[in-house]
Amino acid sequence: MSWFDTAVAYVSDWASAFANSFYLNIIKEDRWKLLTEGLNVTMQVTLGSAFFGLLLGILVAFMRISNVKWLKRPADLYVTVIRGTPLLIQLMIIYYVIFQGVRINQVLVAIIAFSINSGAYVGEIIRAGIQAIDKGQTEASRSLGMNYRQTMIYIILPQAFRNVLPALCNEVIALMKETSVVGYIALRDLTKGADVIRSRTYDPFMP
């Protein structure tokens, strides 16, 4: 048998094994639904957490750049604690401790936990973006008669958001990857759906 015939036979065997694995893991018993349902949960948690995390991050950023101590110090503590503890621990505390004995949708719990976690990182991103704007622009806007609120809305924030947009996009991507831990609160996301398929077929590669 020539090398060509050997290669053809190898490719044929591989394609047959791949097709059988695909049928067993994806088609049989409509197992693909586990993946689509898991993807739906993953996207709900990701988009919900990204939205509320952005709102919380904006609030935290303004608190941290404030000169008012009773605003700045709680924000500093929040950022330090959230960034210094594992996300999985935060998720389990919120679900098993704070909401213990409360009937609540697990997707909502995951969104709350991930929003709190994301808010700390987004807050730091936005704070860095605001403080990166040259102070001369603030002074120039004040010389034109703008107050603090007008200066932030029309001068500082548009430039800050333009500067931090890549970092915010990275945070959303990281957030989507981190949702793989929601299986610890019995929420079937995309990763958990694949794990369920693996437990039934004993084939970890395809799912």
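Our structure is the block above this text.
Rules of the game
- Residues numbered from 1 in each chain as written.
- Predicted model: local features only at pLDDT ≥ 70, side-chain atom pairs only at ≥ 80, totals over all residues.
- Heavy atoms only, no water.
- Core = buried A, V, L, I, M, F, W, Y, C linked by side-chain atoms within 4.5 Å.
- Buried < 20%, exposed > 50% of the residue type's maximum accessible area, 1.4 Å probe, protein only.
- Helix = DSSP H or I, 4+ residues; strand = E, 2+ residues; numbered from the N terminus.
- Contact = heavy atoms within 4.5 Å.
- Axes fitted to C-alpha atoms, helices over the stretch in contact; angles between N-to-C directions.
- Parallel < 35°, antiparallel > 145°, perpendicular 65-115°, else oblique.
- Left-handed = near helix turned anticlockwise from the far one by under 90°.
- Nonpolar A, V, L, I, M, F, W, Y, C, P; charged D, E, K, R; others polar.
- Patch = residues over 30% accessible without salt bridge, like charges linked within 9 Å, V, L, I, M, F, W, Y side chains within 5 Å.
- Areas by Shrake-Rupley, 256 points an atom, 1.4 Å probe, with all protein chains shown as cover.
- Salt bridge = Lys/Arg side-chain N within 4 Å of Asp/Glu carboxyl O.
- 1 Å grid on protein atoms, 1.4 Å probe; cavity = no way out; pocket = protein on both sides within 12 Å on 5 of 7 lines; lining within 4 Å.
- Points joined across faces, edges and corners; volume = space filled by probe spheres on them.
- Polar contact = N/O pair within 3.5 Å; in protein donor to acceptor, adjacent residues only side chain to side chain.
- Phe/Tyr/Trp six-rings, centres within 6.5 Å; stacked < 30°, edge-to-face > 60°.

Caption draft 1: Seen up close, the nonpolar core. Judged by nonpolar contacts, the single largest core of 17 residues is most densely connected at Val45, Val107, Ala110, Phe114, Ile185 and Leu187. Element by element, the count of residues in this core is highest for helix α5 (residues 106-131), at six residues. Apart from the residues lying within four places of it in its own chain, the contact partners of Val107 are Val41, Gln44, Val45 and Leu187.

Caption draft 2: Spotlight on the packing of helix α6 (residues 135-143) against helix α7 (residues 148-178). Running from N to C, α6 and α7 point in directions that differ by 140 degrees, and their axes come no closer than 10 Å. When the axes of α6 and α7 are compared, the pair comes out oblique. In this structure, the crossing between α6 and α7 has a hand that is right-handed. Where α6 abuts α7, its residues Gln137, Thr138, Ser141 and Arg142 lie against Tyr148, Thr151, Ile155, Ile156 and Gln159. Looking at the contact of α6 with α7 residue by residue, the class counts come to three nonpolar, five polar and one charged.

Caption draft 3: Spotlight on a nonpolar patch on the surface. A surface patch of nonpolar side chains, amounting to about 820 Å² of accessible area, comprises Tyr10, Val11, Trp14, Phe18, Phe22, Tyr23, Leu24 and Ile27. Here Ile27 lies in helix α1 (residues 3-27). Overall, Ile27 belongs to the partly exposed group, its relative accessible area being 40%.

Caption draft 4: Quick peek at the layout of surface pockets. Looking at the largest pocket, its volume works out to about 340 Å³. If you go around the largest pocket, the residues you meet are Ile65, Asn67, Ile130, Gln131, Ile133, Lys135, Thr138, Arg142, Tyr148, Thr151, Met152 and Ile156. Contributions of two or more residues to the lining of the largest pocket are made by α5, α6 and α7. A total of four residues in the lining of the largest pocket trace back to one element, the largest contributor, which is α7. The residue makeup of the lining of the largest pocket, split by class, is six nonpolar, four polar and two charged.

Caption draft 5: Examining the side chain of Arg31 more closely. With respect to the secondary-structure elements, Arg31 resides in the loop between α1 and α2 (32-64). Looking at Arg31, its side chain comes within polar contact range of the main-chain oxygen of Leu24, at 2.6 Å. Contacts of Arg31, omitting those with residues within four sequence positions, involve Leu24, Asn25, Ile26, Ile197, Arg200 and Thr201.

Caption draft 6: Summary view of the packing of aromatic side chains. Throughout the structure, instances matching the rule amount to three aromatic pairs. Taking the centre distance of 5.1 Å and the plane angle of 75 degrees together, the rings of Phe51 and Phe52 count as edge-to-face. Taking 4.9 Å as the distance between ring centres and 80 degrees as the angle between the ring planes, the aromatic pair formed by Tyr95 and Tyr96 counts as edge-to-face. Owing to a relative accessible area of 39%, Tyr96 belongs among the partly exposed residues under this scheme.

Caption draft 7: Representation of the packing of helix α3 (residues 69-83) against α5 within the structure. Axis separation between α3 and α5 bottoms out at 9 Å; the angle between their running directions is 115 degrees. Here α3 and α5 pass one another in a crossing that is left-handed. Contacts from Tyr78, Val79, Ile82 and Arg83 of α3 reach α5 at Ser115, Ile116, Asn117, Gly119, Ala120, Tyr121 and Glu124. Broken down by class, the residue content of the contact of α3 with α5 amounts to six nonpolar, three polar and two charged.

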